[in-house]
Amino acid sequence: MTRDLTGDFQTQRQAADQMPYPTLTVRRDRLARLARMTKHHQLEIIRAIQTDFGQRSDVEIRMAEISAVLHAIRHTRLHLWHWMRPWSVSMPWRLTPARARIAPQPLGIVGVISPWNYPWSLALMPIVDAFAAGNVVMLKPSEHSPATSALLQRLVTQYFTLEEFKIVEGGVEVARRFSELPFDHLVFTGSTAVGRQVAQAAAVNLTPVTLELGGKSPAIVAGDADFDKAATDIIFGKGMNGGQTCIAPDYVLVESRHISAVVKALSEAIQRQRPDDHAATHAINAAHQQRLDAMLQEAHDHGCRIINHGPHAPALVIDPHRELQVMREEIFGRCLPVIGVSDMSAAIRYVNARPHPLALYAFTHDKGLQQQLLQTTRSGALVFNATLLHHAVPSLPFGGVGESGMGAYHGRHGFERFSHLRGIFYQAKRSASRMLYPPYRRWLIKLLGLG
């Protein structure tokens, strides 16, 4: 396998060297083929993902897996001509009439290690940006979603050459070997613990990395919020994909005097959105289901009130102790702790005492509180009065900070992430700046304010 990986990598390296700057036509063609591959095989994609999960809503698959990729491609193809253009930058007066520009150039080979929770969209979204920037790509999809990974392998071979796009299937050992390849950039989406290992492996080759890691994303419900609307939005974010979303609300903070009203609103939102447990997405495998069940059992054993609407629907855990597993780890499933705090300042302190999350959700229309959250908290994204929807805005950067990740992509931010923004300097035929060369003239040094 190591020999195959190295050989495929060398094949792509030669291709990248032979076409160091693909034209707009070439890049748009690659994106168009990626769109056709997704659009023309929708039913196969849905079947593969449902096979991997055992049960998952086809509507959610169309929305979060298929439509997300197609929308990103449309946005990128529309704006790509503008992103590729070099742009001028200002020149210090001492160096005029010289000129300077920034020219985006492809990095070469981008490696992508994608997760199982959104096995189609999170595999292809970084590749949309990498293709736009003019790179070739190697993808290591998750071994925990084997049906989707096998479909990717078959379709990518059908729509792309090995020199453009290569799928590498395999388990943990293959992923480790993959992350050790001397890519020009490496993208990993997954857990913080594995992200550290990927970063360490990439560091040997000084390979820059983009890590999308997740963490415990809070939802703060202020006293001025409409509790029913807030609950509806929170349960939408928690219920999507059975909570197996890196930006899903991980826990809810609410003033203690309002906790009963918020819990009631959340419970009613679950009954409205997930009235039939058969419509809920299952945990990806038995081990993950057992982990979630153990979280709930531990909370129950420690006296927490639990409101459970079915084995796969969101389950509310009221005021769990911070030492419980449900509060120590990213849940990545249906459990939703609801925690009472004295006031909004206490909620902010609670968030800031923990690692920076990938998303911070706040339900309030109070401009002062919104500004306070903007200035005193840190997170990958700050979202007011909604959950998950910021991920669907292609002009917003998507990425974490601290333990929730490093680097961001999507849209132009992704194009620039996978480009080298090369500085270009044009000296003029006649330039006074040459007077700065030795021997140094005292009058000129004084004129330029250097002495």
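Per-chain numbering applies: the sequence of each chain, read as written, is numbered from 1 onward. Only residues with pLDDT of at least 70 get local features here, since the model is predicted, and only at 80 or more are side-chain atom pairs given and counted; chain-wide, interface and lining totals rely on the full set of residues. Values shown for side chains rest on all heavy atoms present in the structure; no hydrogens or waters enter the calculation.

**Some details on the overall build of the protein chain**
Inference 1: Across its full length, the protein chain holds 16 helices and 18 strands.
Inference 2: Relative to a compact globule of 451 residues, whose C-alpha radius of gyration would be 22 Å, the protein chain shows 25 Å and is just as compact.
Inference 3: In terms of principal-axis extent, the alpha carbons of the protein chain reach across some 80 × 55 × 35 Å.
Inference 4: Residues classed as buried in the protein chain amount to 54% of the 451 residues present.
Inference 5: A 1.4 Å probe and the Shrake-Rupley method give the accessible areas. Residues count as covered only by the protein chains that appear here. In the structure as shown, the protein chain presents an accessible area of about 20300 Å², 55% of it carried by carbon and sulfur atoms. A run of DSSP states H or I qualifies as a helix once it reaches four residues; a run of E qualifies as a strand once it reaches two. Both are numbered from the N-terminal end. Only the C-alpha atoms count toward the radius of gyration. The rule for a globule is 2.2 Å times the residue count to the power 0.38. Each residue is assigned to one of three classes by its accessible area relative to the maximum for its type, calculated with a 1.4 Å probe on protein chains only: buried under 20%, partly exposed between the two thresholds, exposed over 50%.

**Re helix 7 (residues 172-179)**
Inference 1: Taken residue by residue, helix 7 has Val174, Ala175, Phe178 and Ser179 as its buried positions. In a view along the axis of helix 7, the buried residues occupy a sector of 130°, so they form one face of it. What the arc describes is the spread of directions from the helix axis to the C-beta atoms.

**Brief notes about the pattern of salt bridges**
Inference 1: Salt bridge criterion: a side-chain nitrogen from Lys or Arg within 4 Å of a carboxyl oxygen from Asp or Glu. Applying the stated criterion across every chain, the model contains 19 salt bridges.
Inference 2: Between glutamate 60 and arginine 274 there is a salt bridge whose closest N-O contact spans 2.8 Å. With a gap of 214 residues between them, glutamate 60 in helix 4 (residues 58-84) and arginine 274 in the loop between helix 10 (259-273) and helix 11 (286-301) connect regions that are remote in the sequence. With respect to burial, glutamate 60 and arginine 274 carry one shared label: buried.
Inference 3: The partner of glutamate 416 in a salt bridge is arginine 412, with the nearest N and O atoms 3.0 Å apart.

**Brief notes about helix 6 (residues 146-159)**
Inference 1: Expected helix span is taken as 1.5 Å per residue step, with the number of steps being one fewer than the number of residues. Compared with the 20 Å implied by 1.5 Å per residue over 14 residues, the 20 Å span of helix 6 between its first and last C-alpha is a close match.
Inference 2: Here helix 6 has its buried residues at Thr148, Ser149, Leu151, Leu152, Leu155, Val156 and Tyr159. One side of helix 6 holds all its buried residues, which, seen down the axis, span an arc of 160°. Residues Thr157 and Gln158 are exposed on helix 6 and point more than 90 degrees away from its buried face.
Inference 3: Taken together, the buried residues of helix 6 touch helix 2 (24-39), helix 3 (42-53), helix 5 (121-132), strand 4 (136-140) and strand 5 (165-167). The contact rule is simple, with two residues in contact once any of their heavy atoms fall within 4.5 Å.

**A closer look at the sheet that holds strand 1 (residues 87-89)**
Inference 1: Two strands qualify as a pair provided DSSP detects at least 2 bridges between them. On the basis of which strands lie adjacent, the open sheet formed by 3 strands has the order 1-2-18 and antiparallel pairing. Each end of this open sheet is capped by a strand with a single partner; those strands are strand 1 and strand 18 (419-426). Here the strands of the sheet are splayed against their neighbours by 35° on average, with no regard to which way each runs.
Inference 2: Direction of pairing for strand 1 relative to strand 2 (residues 99-106): antiparallel, over a ladder of 3 bridges. Each bridged residue has a counterpart across the sheet, and for serine 88 the counterpart in strand 2 is arginine 101. Here an axis means a line fitted to C-alpha atoms, over the contact stretch when the element is a helix, while the angle between two N-to-C directions is reported on a 0 to 180 degree scale.

**Description of the packing of aromatic side chains**
Inference 1: Stacked, tilted and edge-to-face pairs are distinguished by plane angle, under 30 degrees for stacked and over 60 for edge-to-face with tilted covering the rest, among Phe, Tyr and Trp rings (Trp via its six-membered ring) whose centres lie within 6.5 Å. Taken as a whole, this structure holds 9 aromatic pairs when the rule is applied.
Inference 2: With a centroid separation of 5.8 Å and 85° between ring planes, the pair formed by phenylalanine 131 and phenylalanine 165 is classed as edge-to-face. Of this pair, phenylalanine 131 sits in helix 5 while phenylalanine 165 sits in strand 5, placing them 34 residues apart in sequence. Each member of the pair, phenylalanine 131 together with phenylalanine 165, is buried.
Inference 3: Of the aromatic side chains, those joined through ring pairs into one cluster are Phe9, Phe178 and Phe183.
Inference 4: Comment: the charge-over-ring label is applied if NZ (Lys) or CZ (Arg) is within 6 Å of the ring centre and within 35 degrees of the ring normal. A cation sits over an aromatic face here: arginine 27 above tyrosine 21, 4.8 Å from the ring centre.
Inference 5: Its end group placed over the ring of tryptophan 87, arginine 412 keeps NZ or CZ at 5.4 Å from the ring centre.

**Here we look at the pairing of strand 6 (residues 185-189)**
A regular strand places its side chains on the two faces of the sheet in alternate fashion.
Inference 1: Here strand 6 lies mainly inside the structure; 5 of its 5 residues are buried.
Inference 2: Neither face of strand 6 is left uncovered, since the one carrying His185, Val187 and Thr189 and the one carrying Leu186 and Phe188 both have all their residues buried.
Inference 3: Bridge count for strand 3 (residues 109-113) against strand 6 is 4 bridges, and the pairing is parallel. Of the residues in strand 6, the one forming a bridge with valine 112 is valine 187.
Inference 4: Bridge count between strand 6 and strand 7 (residues 209-212): 4 bridges; the pairing is parallel. Each bridged residue has a counterpart across the sheet, and for threonine 189 the counterpart in strand 7 is glutamate 212.
Inference 5: For the segment spanning strand 6, helix 8 (residues 192-203) and strand 7, crossover handedness is right-handed. Handedness of a crossover is defined as follows: with both strands directed away from the viewer, a clockwise route from the first strand across the helix to the second makes it right-handed.

**Considerations on the sheet that holds strand 4**
Inference 1: Strands sit in the order 5-4-3-6-7-16 across an open sheet of 6 strands; the sheet is mixed. Each of the sheet's edge strands pairs with one partner strand only, and the pair in question is strand 5 and strand 16 (405-406).
Inference 2: Sheet strands touched by helix 5: strand 3, strand 4, strand 5 and strand 6. Its angle to strand 4, the strand with the most contacts, is close to 165°.

**Focus on the side chain of serine 149**
Inference 1: Mapped onto the elements of the fold, serine 149 is located in helix 6.
Inference 2: Relative accessible area serves as the criterion here: at 4%, serine 149 is assigned to the buried category.
Inference 3: Side-chain atoms alone can form a polar contact between residues adjacent in sequence; in general such a contact is a pair of N or O atoms within 3.5 Å, and within protein one must be able to donate a hydrogen while the other accepts it. For serine 149, the side chain forms a polar contact with the main-chain oxygen of serine 142, separated by 2.8 Å.
Inference 4: Residues in contact with serine 149, not counting those within four places in the same chain, are Pro141, Ser142 and Glu169.

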